[in-house]
Amino acid sequence: MEKYNKRKRGGILVSNVFIEENTLKEIANTIRNKTGKTNKMLPKEMINEISSISGTSTNSEKFIDGRLVLFEDDFNNLNLNNWIAENRGNFQNGAIQYYTSRKENVRVENSNLIITARKENYKNKTWTSGQVISRGLQEFKYGKIEARIKMPTSQGMWPAFWTLGRWYGSDSARQWPSCGEIDIVEHLNNNEGYYTVLHYNKDNLKDDIQSGGLNNTDNINYSDYNIYGVDWTESGFDFYINNILVRHLDTPVGYESSFSHAHSLLISLQIGGWPGNPDNTTPDINEMYVDWVRVLAPVGINSRIFPTSIELTGGNKSIEANENIDLFADCKPNNCTEQTITWKSENPFIATVKGGTVKSLTGGDCDIYAIAKNGIFAKYNTTLNRNY
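Conventions adopted
- Residues numbered from 1 in each chain as written.
- Predicted model: local features only at pLDDT ≥ 70, side-chain atom pairs only at ≥ 80, totals over all residues.
- Heavy atoms only, no water.
- Helix = DSSP H or I, 4+ residues; strand = E, 2+ residues; numbered from the N terminus.
- Buried < 20%, exposed > 50% of the residue type's maximum accessible area, 1.4 Å probe, protein only.
- Contact = heavy atoms within 4.5 Å.
- Areas by Shrake-Rupley, 256 points an atom, 1.4 Å probe, with all protein chains shown as cover.
- Phe/Tyr/Trp six-rings, centres within 6.5 Å; stacked < 30°, edge-to-face > 60°.
- Lys NZ or Arg CZ within 6 Å of the ring centre and 35° of its normal.
- Polar contact = N/O pair within 3.5 Å; in protein donor to acceptor, adjacent residues only side chain to side chain.
- pLDDT = per-residue confidence, 0-100.
- Core = buried A, V, L, I, M, F, W, Y, C linked by side-chain atoms within 4.5 Å.
- Salt bridge = Lys/Arg side-chain N within 4 Å of Asp/Glu carboxyl O.
- Pairing = 2+ DSSP bridges.
- Axes fitted to C-alpha atoms, helices over the stretch in contact; angles between N-to-C directions.

Participant: Help me understand the overall build of the protein chain, please; the structure alone is not making it clear to me.
Facilitator: Helix and strand counts for the protein chain come out as 2 helices and 30 strands. Looking at the protein chain residue by residue over its 388 residues, the buried ones come to 52%. Across the protein chain, the fraction of contacts at a sequence separation of at least 24, relative to all contacts at a separation of at least 6, is 67%. Accessible area of the protein chain: about 17,400 Å², with a carbon and sulfur share of 43%.

Printed below as a string of C-alpha cells:
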C-alpha cells in the first residue's frame, strides 16, 4: 500500500492527488460499520483505481496555444488507462463490421493508433474493424477536443472521431440520444467534405434530433493527416479542420441536458450503413491512422479544477435480484476540469456497478461509490431484495 499513498497533514497523496482527511474518515467509518475492520485507508482496489486514472501531475502543466492541456495521447503505446478497445457486433445504424480488440484490428505502431478494417469471416460477419472509447477512464466537459487523423477513403468506409455522454448504452433515462453525441468528424467513402453533427433529445425520449451537417471543404486530402477538432463551451460548439473554423452550432435550446455533463471520446472505423457497403473496388484491408488526441481546457482556465462534490441522482432504494438501476454522477462545480468518475461497489458479491449501472446479484445492503480523481466521492446505499 505504501506504493500508492503517502500520509500528509490533513489527508494522503494518491498518485500526486491529495485526498482530504474527511474523505478518508467517511470511507473508513463505512468500512468499519460494514466489516468491523478499522482500516483507516482507502480500500486498496479504490486506491489502485484512482492511481491508474489520475494521469495528472501537480508539478508542472503543459500549455498549447496558451491553453492548458488536460489530456494528451501521442500513442507511444495503447494506454489502457486511456482507452478500451471494444468487442461487439450489433449495430442499429446498418454498419456490418464486428469490432474486436485483436491486434489485427487495433494496434499502435510508429506512434500511431491504427484501426484496421479487414474483409474476413468472423462471428457471422464478413468484415472486422475497431473502436476505442475512453468511457470511465478519461471524460471531459467543455474544452477543445482534437485529433490528427489520416482516413481510409475506400467505398464503404466510415471513419469517425466523436464523443458520447457518460450514460449512453444502459436502459436509463439518458440512453442515446438523450445522453448527447458530438460528431467531430465523420467521413464517408471518398466524398468531398465531412460531417459535424450533434445528436440529442430530452430524457426518456428516443427520437434522434440533430443539428449540423456536411462541411464542404476545398483542397482537403482526407487520405492524408488533418487535424479535426471542436471547441465546446456551455453555449455552443465551434468545429475546425486544421484550425480553420468550418461550422458553429449553438447548444440546442430545451435540450441542454444532453451536453451539460461529461462525455467520453471515441475513435472508430465503421463499415457499411450510411456510406453504403464495400464493393469490388474496396481493398480487403483499410487503415485509419491517429497520430495524437488531446483536450485543451476552456479559455481562461489555467490550472486544473478538481471537484469539491459529486451530485448523485437516479436509482431506487430497493430493487430485486438480477435487476438494474442507473445512477448519474455530476462533478461540481460546473467548471471543474477533472470530470472522470470511477464507480466501485462495496461488495461485488451483492451488486456490481459499471458506468453507473448497478446490477443486483443477491440480497443485502450495498454501498455504491462514485469517486472523482481527487478522492471526492458520493455514496449511494440500496437494499437488494433476495429472490426465493
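After that view, the rundown keeps rolling.
Participant: I keep staring at the packing of aromatic side chains and nothing clicks. Help me out?
Facilitator: The geometry of an aromatic ring pair is captured by the separation of the ring centres together with the interplanar angle, meaning the angle of the planes. A full pass over the atoms with the stated rule returns 16 aromatic pairs. A centroid spacing of 6.2 Å and a plane angle of 70 degrees characterise the contact between Phe71 and Trp83, whose relative ring orientation is edge-to-face. Here Phe71, found in strand β5 (residues 67-73), pairs with Trp83, found in the loop between β5 and β6 (84-85); they are 12 residues apart in sequence, far enough to count as distant. Residue class for Trp83 comes out buried when judged on its relative accessible area of 2%. An aromatic cluster is present here, built from Tyr142, Tyr200, Trp232, Phe237, Phe239, Tyr255 and Phe259 joined pairwise through their rings. Seen from the ring of Tyr240, Lys144 lies directly overhead, with NZ or CZ sitting 4.8 Å from the centre. For Arg294, the ring lying beneath its charged end belongs to Trp292, and the centroid distance is 3.9 Å.

Participant: Any chance you could explain the side chain of His261 here in plain terms?
Facilitator: Along the chain, His261 falls in the loop between β20 (244-250) and β21 (263-271). In this structure the side chain of His261 is engaged in a polar contact, spanning 2.8 Å, whose partner is the backbone oxygen of Cys179. A polar atom in the side chain of His261 sits 3.1 Å from the backbone oxygen of Ser257.

Participant: Explanation requested: the side chain of Arg304 in the structure shown.
Facilitator: By secondary structure assignment, the location of Arg304 is in the loop between β22 (285-296) and β23 (309-314). Look at Arg304 and you get buried, because its relative accessible area is 15%. At 3.2 Å, the side chain of Arg304 forms a polar contact with the side chain of Glu61. Within the structure, the side chain of Arg304 is placed 3.1 Å from the side chain of Glu338, a separation counted as a polar contact.

Participant: Sorry if this is basic, but what is going on with the confidence of the model for the protein chain here?
Facilitator: For any part of a model where pLDDT is low, the fine detail of the predicted coordinates should not be relied upon. Per-residue confidence for the protein chain gives a mean pLDDT of 84; residues scoring 70 or more make up 80%. In this model residues 30-42 is a low-confidence stretch, pLDDT under 50, and it forms 28 contacts with partners more than four residues away in sequence or in other chains.

Participant: Looking at this structure, I do not really get unusual backbone geometry. What am I missing?
Facilitator: What is expected of a backbone is that most residues other than glycine have negative phi and most peptide bonds are trans. With an omega of 10 degrees, the peptide bond running from Lys332 to Pro333 counts as cis. You can see Pro333 is positioned in the loop between β25 (324-332) and β26 (342-345). A positive phi is found at Asp65, a non-glycine position, where the angle reads about 50 degrees. For Asp65, the position within the fold is in the loop between β4 (63-64) and β5. Here Asn189, not a glycine, exhibits a phi torsion of approximately 50 degrees, which is positive.

Participant: Explanation requested: the nonpolar core in the structure shown.
Facilitator: In a soluble, globular protein the nonpolar side chains are often hidden away together inside. Core analysis: the biggest nonpolar cluster contains 44 residues, and Phe161, Ile182, Tyr228, Ile267 and Val293 have the highest contact counts within it. With sequence-adjacent residues up to four places away left out, Tyr228 is seen in contact with Ile145, Glu146, Ala147, Ile149, Met151, Phe161, Ile184, Val185, Tyr194, Tyr222, Tyr240 and Ile241. Counting residues in hydrophobic clusters, the runner-up holds 20 residues, among them Ala329, Ile341, Val358 and Ala370.

Participant: Help me understand the environment of Phe328 in this model?
Facilitator: Of note, Phe328 is situated in strand β25. Assessed through its relative accessible area of 10%, Phe328 is described here as buried. Taking C-alpha positions, Phe328 is 6.3 Å from Gly356, a pair spaced 28 residues apart along the chain.

Participant: I keep staring at the pattern of salt bridges and nothing clicks. Help me out?
Facilitator: Opposite charge on two side chains makes pairing possible when the charged atoms of those side chains draw close. For the coordinates displayed, the defined rule picks out 12 salt bridges. A salt bridge links Lys144 to Glu146; the shortest N-O distance between them is 4.0 Å. Exposure class is identical for Lys144 and Glu146. Each is buried. For Arg148, the salt bridge is made with Asp291, and the minimal N-O distance between the two is 2.8 Å. Residue Arg148 is found in strand β13 (residues 143-150), and its partner Asp291 is found in strand β22; the two are separated by 143 residues along the sequence. When its relative accessible area of 19% is taken as the criterion, Asp291 is described as buried.

Participant: Help me out: how do you make sense of the sheet that holds β23 in this one?
Facilitator: Within a sheet, neighbouring strands are paired by backbone hydrogen bonds and run either parallel or antiparallel to one another. Spatially, the 4 strands line up as an open sheet ordered β23-β25-β28-β27, and their pairing is antiparallel. The outermost strands of the open sheet, each flanked by one partner alone, are β23 and β27 (351-354). Neighbouring strand axes in the sheet, compared pairwise and without regard to direction, differ in orientation by 25 degrees on average. Across 3 bridges, β25 lies against strand β28 (residues 357-360) in antiparallel orientation. Across the sheet, Asn324 pairs through a bridge with Lys359, a residue of β28.

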